[in-house]
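# A closer look at the structure
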Amino acid sequence: MGELFLMDHPLIKHKITFIRDKNTGAKEFRELVKEVSMLMGYEVTRNLELEEIEIETPVSKTKAKVIAGKKLGIVPILRAGLGMVEGMLTLLPAAKVGHVGLYRDPETLEAVEYYCKLPSDVRERTFIITDPMLATGVSANSAIDAVKKRGAIDIKLMCLIAAPEGIKVIQEAHPDVDIYLGELDEKLNEHAYIVPGLGDAGDRLFGTK
Ligand code: URA
């Protein structure tokens, strides 16, 4: 079973509260999503391997630690996942960015992939899939399938808010994928919105309705 990491940092909790507030406009919403993504990126990268290199400070030679060349790929699920990319890139400027686009078939209600473009060296990269909302789990499940189908073996899922229903779907379908959450909410409503959630993340990020 993949691990579930629920953030407990006060700054993340504080910022998500204002992301949820319906009186927060698109500009502030985007800024807060960026900030929370950056803070969560700190936790998602906690286990990156280090290696020692030799450097010289103004005082002496020393051995010091650097990230051991692990290649990272950030993969937003279109479109709301895009809002989390900038914050991650602030922290990880050398990461590559892929994209997965999905739509829901109105008849089968299944997610259908319409776009997938990933950075090269898929097998050697750690992929961090981003989507602000893990609701039914249908999109995240299909996005993970899409990335795995292209050869990825090291995948993490990062979401701002999740419902228990979505977590269960991912843990059952992809027990190798660790999930990073800002907040865990109560449930889904009859329209598959997370309660209390934040409404439609894409609409709030991009000011559409
Ligand atoms: N997607 C959203 O944007 N919001 C939800 O509450 C659920 C899915």
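Refer to the structure above for everything that follows.
As a rule of thumb, nonpolar side chains are buried together in soluble globular proteins. Judged by nonpolar contacts, the single largest core of 32 residues is most densely connected at Ile19, Met40, Met158 and Leu160. The biggest single contributor to this core is helix H2 (residues 26-44), with six residues. For Leu160, the contacting residues outside a window of four places in its chain are Ile16, Ile19, Val33, Val36, Met40, Met84, Asp131, Pro132, Leu181, Gly182 and Glu183. In terms of nonpolar packing, the next biggest core, distinct from the first, is built from 25 residues, Phe127, Leu134, Ala140 and Ala162 among them.

Attention now moves to the pattern of salt bridges. Taken as a whole, this structure holds 13 salt bridges when the rule is applied. Here Glu35 makes a salt bridge to Lys15, at a shortest N to O gap of 2.6 Å. Within this pair, whereas Glu35 is found in helix H2, its partner Lys15 is found in helix H1 (residues 10-20), the two being separated by 20 residues in sequence. Residue Glu35 is classed as partly exposed on the basis of its relative accessible area of 31%. For Lys15, a relative accessible area of 17% translates into the label buried. The network of salt bridges with shared partners includes Glu113, Lys149 and Arg150.

What counts, and at which threshold
Residues numbered from 1 in each chain as written. Predicted model: local features only at pLDDT ≥ 70, side-chain atom pairs only at ≥ 80, totals over all residues. Heavy atoms only, no water. Core = buried A, V, L, I, M, F, W, Y, C linked by side-chain atoms within 4.5 Å. Buried < 20%, exposed > 50% of the residue type's maximum accessible area, 1.4 Å probe, protein only. Helix = DSSP H or I, 4+ residues; strand = E, 2+ residues; numbered from the N terminus. Contact = heavy atoms within 4.5 Å. Salt bridge = Lys/Arg side-chain N within 4 Å of Asp/Glu carboxyl O.

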